[in-house]
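So the chains spell out like this:
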Amino acid sequence: MTAATLDIHLTDDDLTAALRADARLGLTADPKWLPPKWFYDARGSELFERITELPEYYPTRTERALLERVVDEIARAAQAEVLVELGAGSAAKTRLLLTALSAQGPLKTYVPQDVSSAALRATADEVAAEFPGLAVHGVVSDFTDTLQNLPRGGRRMIAFLGGTIGNLVPEERAEFLGRIHDVLDLGEHVLLGAGLVIDPAVLVPAYDDAAGVTAEFNRNVLHVLNARLRADFAPEKFRHVAVWDPEREWIEMRLEASEDMTVTVADLDLTVGFARGEQLRTEISAKFRVERLDGELAAAGFATRNVWTDPDERFALVLAERR
């Protein structure tokens, strides 16, 4: 077995600098906001894993079931020699792709990308042990602005699963897809997993479960600011809110102040006031219609090759080719 290798393009100091910039920008905005990537310290990752097992949270199990059903078709269409996965995490679903691509013959290399070097090292070593004939080359980076650090060579497919594309607003999506286009060569592929627009009666509870796990996950961003930037948020004084915006066709997660309060962020020398009822946006999760996804991919220079959806049409896997 060849040992997994790791390229590090993002250090803890880089992450702290990014958090400082995001916190200052978002907490001084009107209305206030924070990016969802700061949910994910060790506790946040554990809470999200619990969310994926909740009865209300259909996206993870729906995408996995869909991937199980169509993975051989994806492998035959892409004929990838290199699988790049953005936001790899534990690579649980990716093993389906690795198995199918290996069975089709051409797969030689797996390139998982994530922001945590420790988590990525564990994932890379596990995959290298499970697939001994596969070269595993991890890249520690932020997928939103370091795509140029992905290795070149071999026919590549970039996988971006989990519906994470929906965390980007339309302008960010256009820029992100354009960057993917720029790093791929003619004829290479991107595989997107995207949640579809469905009945809000099913959609909203997925982000506001009865057990309150999502609420704790939402408040975890405040724990991160307390720990990383010496802020003094009282997370229990913020109420979790999840609302469906029918015009933008996205879910917004927010934190609502239960009383007037003043928060200090010591490392930023920043004091932030919250009025009772004021809301801080922590995430958007856009849902898509297939024709909109196709249009956004076409605008970025891709031709949609295949679209697969689950029987209830709640989730889509889209394979597109770089033109």
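Scope of this entry: the structure provided in the associated data block. (Residues numbered from 1 in each chain as written. Predicted model: local features only at pLDDT ≥ 70, side-chain atom pairs only at ≥ 80, totals over all residues. Heavy atoms only, no water.)

## Comments concerning the pattern of salt bridges
Okay, so step 1: Counted under the stated rule, the structure contains 25 salt bridges.
Okay, so step 2: For the salt bridge of lysine 37 with aspartate 142, the shortest nitrogen-to-oxygen distance reads 3.0 Å. Placement of the pair is lysine 37 in the loop between helix 1 (12-27) and helix 2 (42-52) and aspartate 142 in the loop between strand 4 (135-140) and strand 5 (156-160), with a sequence separation of 105 residues.
Okay, so step 3: By relative accessible area, which is 11% here, aspartate 142 ends up buried. (Salt bridge = Lys/Arg side-chain N within 4 Å of Asp/Glu carboxyl O. Helix = DSSP H or I, 4+ residues; strand = E, 2+ residues; numbered from the N terminus. Buried < 20%, exposed > 50% of the residue type's maximum accessible area, 1.4 Å probe, protein only.)

## Some thoughts on the packing of aromatic side chains
Okay, so step 1: Within the structure shown, the criterion is met by 13 aromatic pairs.
Okay, so step 2: Ring plane angle 65° and centroid distance 5.5 Å describe the contact between tyrosine 40 and phenylalanine 217, whose orientation is recorded as edge-to-face. A residue pair is termed long-range when its members are at least 10 positions apart, and tyrosine 40 in the loop between helix 1 and helix 2 and phenylalanine 217 in helix 8 (residues 213-229) qualify at 177 residues.
Okay, so step 3: Here arginine 314 stacks its cationic end above the ring of tyrosine 58, 5.3 Å away from the centre of that ring. (Phe/Tyr/Trp six-rings, centres within 6.5 Å; stacked < 30°, edge-to-face > 60°. Lys NZ or Arg CZ within 6 Å of the ring centre and 35° of its normal.)

## Here we look at the packing of helix 3 (residues 59-78) against helix 4 (residues 94-104)
Okay, so step 1: At their nearest, the axes of helix 3 and helix 4 sit 9 Å apart, and the two run at 25° to each other. Considering the angle they form, helix 3 stands roughly parallel to helix 4. With respect to the hand of their crossing, helix 3 and helix 4 are arranged in right-handed fashion. Contact with helix 3, carried on its side by Arg64, Leu67, Glu68, Val71, Asp72, Ile74, Ala75 and Arg76, involves Leu96, Leu97, Ala100, Leu101 and Gln104 of helix 4 and no other residues of that element.
Okay, so step 2: Grouping the constituent residues of the contact of helix 3 with helix 4 by class yields eight nonpolar, one polar and four charged. (Axes fitted to C-alpha atoms, helices over the stretch in contact; angles between N-to-C directions. Parallel < 35°, antiparallel > 145°, perpendicular 65-115°, else oblique. Left-handed = near helix turned anticlockwise from the far one by under 90°. Contact = heavy atoms within 4.5 Å. Nonpolar A, V, L, I, M, F, W, Y, C, P; charged D, E, K, R; others polar.)

## Side note on the sheet that holds strand 7 (residues 238-245)
Okay, so step 1: Read from one edge of the open sheet, three strands run 7-8-11, paired in antiparallel fashion. Pairing within the sheet leaves two strands with one partner each, and these edge strands are strand 7 and strand 11 (279-286). Looking at each pair of strands side by side, their axes are set apart by 20° on average, direction ignored.
Okay, so step 2: For strand 7 and strand 8 (residues 250-257), the ladder comprises eight bridges, and the chain directions are antiparallel. (Pairing = 2+ DSSP bridges.)

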